[in-house]
Amino acid sequence: MGFFLFPFDSLICILLGISFTVWFTLLLVFIIVPAIFGVSLGIRKLYMKTLLKIFKWATLRIERGAKEKNHLLYKPYTNGIIAKEPMSLEEEIKEIRGSGSSKDLSSPEFEMSDIFYFCRKGVESIMDDEVTKRFSPEELESWNLLTRSNYNFQHISLRLTVLWGLGLLIRYCFLLPLRVTLAFTGVGLLVVGTTMVGILPNGRFKNFLSEKVHLMCYRICVRALTAIITYHDSENKPKNGGICVANHTSPIDVIILASDGCYAMVGQVHGGLMGIIQRSMVKACPHIWFERSEVKDRNLVAKRLSDHVEDKTKLPILIFPEGTCINNTSVMMFKKGSFEIGTTMYPVAIKYDPRFGDAFWNSSKFGMVSYLLRMMSSWAIVCSVWYLPPVTREEGEDAVQFANRVKSAIARQGGLVDLLWDGGLKREKVKGTFKEEQQKLYSKMLVGNPEDRSRS
Amino acid sequence: MGCNASTLAKIHNVDELILETGFSSSHICHLYNRFHSLDKDDKGLLNRGDFQNISELAVNPLGDRIINNFFPDGVDLIDFNSFARTLARFRPVEESLKKEPDSPEPINSRANKLKFAFQLYDQDKDGKISNNELLQVLRLMLGVQVTEEQLDNITDRTIQEADLDGDNAISFEEFKKVRAKLSGHFLASSCLTSDWDLGWGYGVASL
């Protein structure tokens with residue numbers, strides 16, 4: 001058998017060599033060179049428009065097919081399974097009482113039926129609650145030819161299945177290797193570039209070079225993910241001596257923001273590849289990396305952050321106050337630590353378009369590597385970034401109120417739901433002190449405020 | 001995930017369940033997906049801890065008791081069918097349904113809804129709400145916001161009014177009479193209507 005392959009061997013080698021060269025040249029010309037100069041050829045936008053047209057067609061086909069076969073279509077609900085207006089505790093209890101009470105409606109005394117209010121609220125939260133659904137990927141209205149986000153995929157038509165198969169082929173055999181190559185190039189250049197810049201003495205030239213190297217490598221990484229980003233209001237971009245806060249959906253957020261501006265990163269020291277990247281980055285410009293033990297010491301953390309912002313030659317710090325990845329439909333509680341430092345905050349809202357690929361990192365389900373592979377085998381990452389006007393803490397406002405104000409601004413801009421719940425609920429249970437709030441509301445209704453209590 | 005024939009096939013005795021609970025098949029699908037999103041360890045069953053993970057339930061003063069109502073005596077794990085059956089009690093009552101004289105009582109009848117609430121009070125399951133049991137519930141709902149004296153007063157007054165046979169406790173019959181005029185609307189907790197089948201989740205409040 002070996003004899004047959006001999007004449008073909010060299011032919012195959014030559015063919016492979018040529019195609020590899022051609023491929024790499026194309027890569028260089030169309031992707032890497034524009035990335036270095038920060039220029040866009042518009043290829044990605046065209047790609048995005050084409051994809052959208054295909055998705056629309058696919059969804060229509062599914063709907064038509066489902067109707068023909070009388071299947072049930074699972075449509076994600078926008079307002080939940082519970083269909084009524086939210087009312088305050090007092091209003092609801094009055095309503096419950098009012099229908100069956102034989103007493104005067106205005107008398108604020110206990111009635112046995114009051115229990116129905118809590119009972120109803122409890123059962124409703126069992127059926128659907130605001131928090132649990134923030135930690136699983138957002139549900140889509142139309143299908144984007146990825147089975148991982150499709151709930152209705154059955155064999156509807158041959159054309160659709162062929163299209164899906166074709167999509168699979170393109171994604172895994174063409175896009176994925178392309179992206180992986182780019183990713184390695186980007187990261188490699190980052191490590192090499194920053195180490196080389198680190199050799200120079202500190203000064204303006206070094207800062208200038210380090211900025212260029214960082215931007216270039218992040219842009220290559222952005223193309224490695226085929227991320228199509230629209231930046232709004234760039235006049236509000238963070239400046240030195242400030243802190244940039246943004247909502248957190250995935251580790252990619254860092255790449256998205258850092259490809260448009262230079263930031264000082266904050267994070268824990270890692271080992272392995274991440275550690276190498278961190279060590280070389282810090283040679284070129286000061287980032288803030290904490291040892292695992294230092295992370296617990298809040299004062300130490302606060303001190304290092306404030307030292308950094310006081311030095312106006314250092315870059316703005318990038319922080320994600322939610323502390324964990326949320327699925328980009330809402331913004332959860334901001335941790336107040338970074339808001340206590342007392343410098344200008346630059347809020348940034350990041351909203352991903354879920355039609356092209358789900359960027360949410362469910363760290364309890366996927367590790368980093370499988371997450372990145374999923375990212376690189378989706379169609380694209382499309383997102384919008386809004387730079388909001390800088391804010392500072394006002395007189396008489398404490399850190400928590402300040403944090404909530406910034407959070408609302410980000411939620412409003414990004415079209416996300418503003419929640420008071422803590423993102424830590426992904427892994428932990430809620431604190432018992434919140435129960436007191438409910439009890440306070442109810443008792444206020446029954447016995448009034450302590451000041452104007454008139455009956456015993 | 002999703003709502004198609006394969007999801008329904010995963011549910012044990014699904015046709016029987018649909019008949020018993022009165023849910024439509026898309027409602028059952030939705031509840032099934034909800035069941036699985038609560039079941040974080042993928043056991044196929046839920047324990048009390050899974051319920052307590054729901055943040056909004058954990059801050060409900062009666063949260064633990066509501067959870068207990070899902071678990072019959074001595075049982076610590078429930079499967080999807082009993083989950084759906086308990087929730088079925090809160091479906092809105094179809095007032096227009098004609099009832100045959102000796103058909104079994106539908107699962108979402110007014111009486112069953114009242115029974116659920118009665119069980120929240122009656123922890124020792126003796127069929128009566130004693131003074132002590134009422135006091136405990138009030139304490140849960142009010143916490144430390146009111147004094148012991150006020151709690152005692154409220155309890156005594158309520159029992160006096162509701163207790164008709166003078167045994168200083170409220171039986172289920174007396175409880176029903178107190179809420180005699182309460183319509184099914186206010187007892188139904190979620191308005192799962194037939195509009196759901198069309199995919200428009202925001203249905204009309206039903207009566």
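Residues numbered from 1 in each chain as written. Chains lettered and ligands numbered in written order. Predicted model: local features only at pLDDT ≥ 70, side-chain atom pairs only at ≥ 80, totals over all residues. Heavy atoms only, no water.

An unreviewed UniProt entry annotates chain B as Calcineurin B homologous protein 1-like of Huso huso. Its UniProt record gives chain B a comment under Sequence similarities (unreviewed entry), which states: "Belongs to the calcineurin regulatory subunit family. CHP subfamily." (UniProt positions renumbered as here; feature names shortened; annotations may be inferred.)

You'll find chain A entered in an unreviewed UniProt entry as Glycerol-3-phosphate acyltransferase 4, with Huso huso given as the organism. UniProt lists a comment for chain A under the heading Sequence similarities (unreviewed entry), and it reads "Belongs to the 1-acyl-sn-glycerol-3-phosphate acyltransferase family."

A.B. asks: Tell me about the overall build of chain B, and name the residues and values.
C.D. replies: Looking only at helices and strands, chain B has 12 helices and 2 strands in total. Element order for chain B, N to C, with α for helix and β for strand: α-α-α-α-α-α-α-α-β-α-α-β-α-α. Looking at chain B residue by residue over its 207 residues, the buried ones come to 50%. Contacts in chain B between residues at least 24 apart in sequence constitute 55% of all its contacts with a sequence separation of at least 6. Total accessible area computed for chain B in this model is approximately 9700 Å², and 52% of it derives from carbon and sulfur atoms. (Helix = DSSP H or I, 4+ residues; strand = E, 2+ residues; numbered from the N terminus. Buried < 20%, exposed > 50% of the residue type's maximum accessible area, 1.4 Å probe, protein only. Contact = heavy atoms within 4.5 Å. Areas by Shrake-Rupley, 256 points an atom, 1.4 Å probe, with all protein chains shown as cover.)

A.B. asks: Hey, could you go over a positive patch on the surface for me, with residue numbers and the actual values?
C.D. replies: Side chains of Lys45(A), Lys49(A), Lys53(A) and Lys56(A) sit close together on the surface and give a patch of like positive charge. Inspection of the secondary structure puts Lys49(A) in helix α2 (residues 43-69). (Patch = residues over 30% accessible without salt bridge, like charges linked within 9 Å, V, L, I, M, F, W, Y side chains within 5 Å. Salt bridge = Lys/Arg side-chain N within 4 Å of Asp/Glu carboxyl O. Lys, Arg positive; Asp, Glu negative; His and termini not counted. Charge placed at Lys NZ, Arg CZ, Asp CG, Glu CD.)

A.B. asks: Please give an account of the nonpolar core that cites residues and values.
C.D. replies: In this structure, Ile126(A), Phe51(B), Phe70(B), Phe80(B), Phe83(B) and Phe175(B) are the most contacted members of the largest nonpolar core, which totals 62 residues. When residues no more than four places from it in sequence are discounted, the contact partners of Phe51(B) are Ile126(A), Leu46(B), Leu57(B), Ile67(B), Phe70(B), Phe71(B), Ile78(B) and Phe83(B). Counting residues in each nonpolar core, the second largest holds 48 residues, with Val213(A), Ile252(A), Tyr263(A) and Cys383(A) among its members. (Core = buried A, V, L, I, M, F, W, Y, C linked by side-chain atoms within 4.5 Å.)

A.B. asks: Tell me about the UniProt feature "domain: EF-hand" (unreviewed entry) in chain B, and name the residues and values.
C.D. replies: Residues annotated in UniProt with the feature "domain: EF-hand" (unreviewed entry) correspond here to residues 109-144 and 150-185 of chain B. Between the end C-alpha atoms of residues 109-144 of chain B there is a gap of 36 Å, over a span that is 67% helix and 6% strand.

A.B. asks: Just give me the short version of the sheet that holds strand β5 (residues 317-319) of chain A, but keep the residues and values in it.
C.D. replies: Residues and elements named next belong to chain A. Strand order across the open sheet formed by 7 strands is β1-β8-β7-β2-β5-β3-β4, with mixed pairing between neighbours. Two strands in the sheet have a free side with no partner beyond their single neighbour: β1 (227-232) and β4 (288-290). The average angle at which neighbouring strand axes cross in this sheet is 25 degrees, direction not considered. Bridge count for strand β3 (residues 264-268) against β5 is 2 bridges, and the pairing is parallel. Among the inter-strand pairings, Ala264 is bridged to a residue of β5, identified as Ile317. Each of β2 (243-246), β3, β4 and β5 is contacted by helix α10 (residues 298-310), which is oriented at about 170 degrees to β4, the strand it contacts most. (Pairing = 2+ DSSP bridges. Axes fitted to C-alpha atoms, helices over the stretch in contact; angles between N-to-C directions.)

A.B. asks: Give a description of the pairing of strand β7 (residues 345-353) of chain A that names residues and reports values.
C.D. replies: All names here are of chain A. Of all 9 residues in β7, 9 are buried, a share of seventy percent or more. With burial as the criterion, each face of β7 is covered, one bearing Met345, Pro347, Ala349, Lys351 and Asp353 and the other bearing Tyr346, Val348, Ile350 and Tyr352. Both β2 and β7 contribute to a ladder of 4 bridges, which runs parallel. Each residue of the ladder has a partner; that of Cys244, found in β7, is Tyr346. In the sheet, β7 pairs with strand β8 (residues 381-387) via 6 bridges, with the strands oriented antiparallel.

A.B. asks: Before we move on, could you go through helix α2 (residues 14-21) of chain B and cite the residues and values that matter?
C.D. replies: All names here are of chain B. Along α2, the residues classified as buried are Val14, Leu17 and Thr21. Down the axis of α2, the smallest arc covering the buried residues is 55 degrees, so these residues share one side. In α2, the exposed positions angled more than 90 degrees off the buried face are occupied by Asp15, Glu16 and Leu19. Gly22 sits one or two residues past α2 and shows a positive phi near 80 degrees. (Arc of directions from axis to C-beta.)

A.B. asks: For the packing of aromatic side chains, give the residues involved together with the corresponding values.
C.D. replies: Applying the stated criterion across every chain yields a total of 14 aromatic pairs over all chains. For the pair Tyr231(A) and Tyr387(A), a centre-to-centre distance of 6.2 Å together with 15 degrees between the ring planes defines the contact as stacked. Linking Tyr231(A) in strand β1 with Tyr387(A) in strand β8, this pair joins segments that are 156 residues apart in sequence. A residue is classified by how much of its surface remains accessible, and Tyr387(A), at 0% relative accessible area, is buried. Arranged with centres 5.8 Å apart and planes meeting at 80 degrees, the rings of Phe51(B) and Phe71(B) form a pair that is edge-to-face. Of this pair, Phe51(B) sits in helix α4 (residues 48-52) while Phe71(B) sits in the loop between α6 (63-70) and α7 (80-88), placing them 20 residues apart in sequence. Owing to a relative accessible area of 5%, Phe71(B) belongs among the buried residues under this scheme. Pairwise contacts between aromatic rings join Tyr32(B), Phe35(B), Phe51(B), Phe70(B), Phe71(B), Phe80(B), Phe83(B) and Phe116(B) into one cluster. Against the face of Phe71(B) rests Arg48(B), its NZ or CZ located 4.5 Å from the ring centre. Here the basic side chain of Lys115(B) rests over the ring of Phe172(B), its NZ or CZ set 4.7 Å away from the ring centre. (Phe/Tyr/Trp six-rings, centres within 6.5 Å; stacked < 30°, edge-to-face > 60°. Lys NZ or Arg CZ within 6 Å of the ring centre and 35° of its normal.)

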